[in-house]
Amino acid sequence: MGLTTSLNLPRLQTIRELFHVPVPVPSLRGRKVLITGAASGIGRATALAAARAGGELVLTDLQSEALDEVVAQILDEHGTVLYHRAGDVSDYEWVAAFARGVDAEVGVMDVVMNIAGVSAWGTVENLEHRHWKKMVDVNLMGPIHIIECFVPQMVRRGDGGQLVNVSSAAGLLALPWHAAYSAGKFGIRGVSEVLRFDLRRHGIGVSLVCPGGVDTPLVDTVDIVGIDRRNAAVQKQIAGFHKVAVTPEKAASAILRGITRNKFLVYTSFDIRFGYWWARKFAFPYEVVMRVANNRFDHLSRISAIGDDGAADRSGSAASRHAE
């Protein structure tokens with residue numbers, strides 16, 4: 001018995017399939033598209049862009065009034081919203097009921113986009129259990145609930161599709177104060193990497209969106225634990241962020257382009273693409289840069305620390321479940 005036979009090597013056609021990357025959703029026109037976090041930020045911009053591209057939308061968000069406003073705008077622009085309902089993606093029972101309603105009234109999705117998310121920053125000595133839990137519940141378990149309740153139908157149907165999960169620069173890089181946030185964002189990155197290969201045989205593509213700075217409501221509501229947001233140094237940093245952040249519309253455009261090209265890693269700005277490349281190619285210089293960044297954040301923390309619990313409560317408990 002020869003070596004080739006004993007190893008049972010794949011045939012030429014199979015080898016070609018290993019290298020060929022099909023595009024399951026080359027256009028959103030006429031496709032059924034689920035978007036979470038559709039009431040604000042990237043989610044809202046993506047919903048509007050998907051509707052303008054001809055997608056037939058199923059939308060959800062925690063904020064019912066804002067969600068209704070987005071639906072009304074899409075309909076005013078002659079877009080299509082097949083179904084919408086406000087709810088909490090971190091609540092599995094709600095997601096399961098939502099999915100049953102969608103299945104009954106709309107059918108199987110062609111594209112599923114997990115965009116809903118929240119953010120909280122802080123050092124380990126300042127973060128409380130509720131911060132860690134919320135980051136994991138919303139940013140990791142929320143997408144998992146959607147995947148559980150919507151993707152198996154796509155597999156059984158057998159016509160392919162696209163799954164989109166929004167991670168973050170904090171899902172690729174060790175950003176200071178982002179331990180709790182990164183718990184969810186690194187987690188959804190891992191889920192996406194595995195599903196990228198698991199779902200390939202079913203003709204379902206997976207895109208992992210890794211935004212850097214995006215000028216969304218999340219910027220002004222992020223819970224920075226132990227920091228007084230009214231401090232001049234903090235306000236200066238926030239203002240600087242607004243200057244370099246891309247618009248939600250630009251992020252939405254990158255997401256739609258990633259879907260229609262079946263790109264796995266989708267960046268919304270060049271800086272994150274370069275940063276991730278740098279981290280992989282130059283491990284020690286990357287470590288030095290992260291140490292410097294961490295020291296700068298520590299300095300900011302020392303000059304803007306909150307001195308009492310009352311101020312702490314006023315400073316940062318406004319974070320709500322917005323789209324990224």
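Here the structure is a predicted model, which means the values were calculated and not measured.

Peer 1: Could you clarify how one ought to interpret the side chain of Ser167 in this entry?
Peer 2: Summarising the element assignment, Ser167 is placed in the loop between β6 (161-166) and α7 (179-198). Separated by 2.9 Å, the side chain of Ser167 and the backbone oxygen of Lys185 make a polar contact. Non-local contacts of Ser167, meaning those with residues more than four positions away in its chain, are made with Lys185, Ile188, Arg189, Leu208, Val209, Cys210 and Pro211.

Peer 1: Explain the sheet that holds β6 here, please?
Peer 2: In any sheet, the strands associate via hydrogen bonds between backbone groups, in a parallel or an antiparallel arrangement. The strand order across the open sheet formed by seven strands is β3-β2-β1-β4-β6-β7-β9, and the pairing between neighbours is parallel. Each end of this open sheet is capped by a strand with a single partner; those strands are β3 (80-86) and β9 (265-267). Strand-to-strand, the axes of this sheet are offset by a mean angle of 15 degrees, without reference to chain direction. Where strand β2 (residues 56-61) lies against β3, six bridges are found, and the strand directions are parallel. By the bridge assignment, Asp61 is partnered in β3 with Ala86.

Peer 1: Honestly, a nonpolar patch on the surface in this entry has me stumped. Any pointers?
Peer 2: Together, Phe270, Phe274, Trp277 and Phe282 make up an exposed nonpolar region whose accessible area comes to about 420 Å². Position of Trp277 among the secondary structure elements: in helix α11 (residues 270-281).

Peer 1: Explain helix α6 (residues 129-157) to me, please; I cannot follow it from the model alone.
Peer 2: An α-helical segment advances 3.6 residues per turn. Residues three or four places apart therefore align on the same side. Here α6 is 29 residues long and its end C-alpha atoms lie 41 Å apart, about the 42 Å a rise of 1.5 Å per residue gives. Its axis deflected by about 40 degrees at Met141, α6 carries its strongest bend there, up to four residues before the proline Pro143. Two residues or fewer past α6, Gly158 is found with a positive phi of approximately 85 degrees.

Peer 1: Before we go on, may I ask you to explain the pairing of β6 in this structure?
Peer 2: Along a regular strand, successive side chains alternate from one face of the sheet to the other. Within β6, six of the six residues are buried, leaving the element largely enclosed by the surrounding structure. Burial along β6 is two-sided: the face carrying Gly161, Leu163 and Asn165 and the face carrying Gln162, Val164 and Val166 are both buried. Alignment of strand β4 (residues 111-114) against β6, held across four bridges, turns out to be parallel. Looking at β6, one finds that Met113 is bridged to Val164. Note that β6 and strand β7 (residues 204-210) share six bridges and pair parallel.

Peer 1: What is the right way to read the pairing of β4 from this model?
Peer 2: Of the two faces of β4, the one lined by Val111 and Met113 and the one lined by Val112 and Asn114 are each fully buried. Pairing of strand β1 (residues 32-36) with β4, which is carried by three bridges, proceeds in the parallel orientation. Following the sheet pairing, Ile35 is matched in β4 by Met113.

Peer 1: Just checking my understanding: could you explain the side chain of Thr268 for this structure?
Peer 2: Among the structural elements, Thr268 can be located in the loop between β9 and α11. Within the structure, the side chain of Thr268 is placed 3.5 Å from the backbone nitrogen of Gly212, a separation counted as a polar contact. Not counting residues within four places of it along the chain, the set of residues in contact with Thr268 comprises Val209, Cys210, Pro211, Gly212, Val214, Val246, Lys250, Ala251 and Ala254.

Peer 1: What is the right way to look at the confidence of the model for the protein chain in this model?
Peer 2: Where the model shows low pLDDT, its predicted coordinates should not be examined in detail. Residue-level pLDDT values for the protein chain average 86, and 81% of them are 70 or greater. Per-residue pLDDT stays below 50 along residues 1-5; that stretch engages in two contacts with residues further than four places along the chain or on separate chains. Every residue in residues 307-322 is under pLDDT 50, and counting partners more than four places away or in other chains gives 33 contacts.

Peer 1: Please clarify how the packing of aromatic side chains should be interpreted in this entry.
Peer 2: Centre-to-centre distance and the angle between the planes together describe a pair of aromatic rings. According to the stated counting rule, one finds eight aromatic pairs in the structure shown. Summarising the aromatic geometry, the rings of Phe274 and Trp278 are spaced 6.1 Å apart at their centres and angled 35 degrees between planes, so their arrangement reads as tilted. Residue Phe274 and its partner Trp278 are both found in helix α11; the two are separated by four residues, about one turn of the helix. You can call Phe274 partly exposed: its relative accessible area is 38%. Judged by its relative accessible area of 28%, Trp278 is partly exposed. Against the face of Tyr276 rests Arg280, its NZ or CZ located 4.2 Å from the ring centre.

Peer 1: Would you take a moment to explain a positive patch on the surface for this structure?
Peer 2: Taken together, the side chains of Lys250, Arg257, Arg261, Lys263 and Arg273 make up a positively charged region of the molecular surface. Within the fold, Lys250 resides in helix α10 (residues 248-260).

Peer 1: How do you make sense of the environment of Leu75 when you look at a structure like this?
Peer 2: In this fold, Leu75 is placed in helix α4 (residues 64-76). Residues Leu75 and Ala51, 24 residues apart in the sequence, show an inter-C-alpha distance of 9.1 Å.

Peer 1: Sorry if this is basic, but what is going on with the pattern of salt bridges here?
Peer 2: Side chains that differ in sign of charge can pair as their charged atoms come close. All told, the structure shown has seven salt bridges when counted by the stated rule. Linking Asp110 and Arg31 is a salt bridge whose minimum nitrogen-to-oxygen distance equals 3.9 Å. Here Asp110, found in the loop between α5 (92-105) and β4, pairs with Arg31, found in the loop between α2 (12-19) and β1; they are 79 residues apart in sequence, far enough to count as distant. Residues Arg52 and Glu77 are paired through a salt bridge, measuring 2.9 Å at the closest nitrogen-oxygen approach. Placement of Arg52 in helix α3 (residues 41-52) and of Glu77 in the loop between α4 and β3 is noted, with a sequence separation of 25 residues between them. For Arg52, a relative accessible area of 52% translates into the label exposed. Look at Glu77 and you get partly exposed, because its relative accessible area is 35%. Counted as one network, the salt bridges with shared partners bring together Arg31, Asp110 and Arg157.

Each value, and the rule that gives it
- Residues numbered from 1 in each chain as written.
- Predicted model: local features only at pLDDT ≥ 70, side-chain atom pairs only at ≥ 80, totals over all residues.
- Heavy atoms only, no water.
- Helix = DSSP H or I, 4+ residues; strand = E, 2+ residues; numbered from the N terminus.
- Polar contact = N/O pair within 3.5 Å; in protein donor to acceptor, adjacent residues only side chain to side chain.
- Contact = heavy atoms within 4.5 Å.
- Pairing = 2+ DSSP bridges.
- Axes fitted to C-alpha atoms, helices over the stretch in contact; angles between N-to-C directions.
- Patch = residues over 30% accessible without salt bridge, like charges linked within 9 Å, V, L, I, M, F, W, Y side chains within 5 Å.
- Areas by Shrake-Rupley, 256 points an atom, 1.4 Å probe, with all protein chains shown as cover.
- Salt bridge = Lys/Arg side-chain N within 4 Å of Asp/Glu carboxyl O.
- Expected span 1.5 Å × (residues − 1).
- Bend = angle between axes of the 7 residues up to and from the residue.
- Buried < 20%, exposed > 50% of the residue type's maximum accessible area, 1.4 Å probe, protein only.
- pLDDT = per-residue confidence, 0-100.
- Phe/Tyr/Trp six-rings, centres within 6.5 Å; stacked < 30°, edge-to-face > 60°.
- Lys NZ or Arg CZ within 6 Å of the ring centre and 35° of its normal.
- Lys, Arg positive; Asp, Glu negative; His and termini not counted.
- Charge placed at Lys NZ, Arg CZ, Asp CG, Glu CD.

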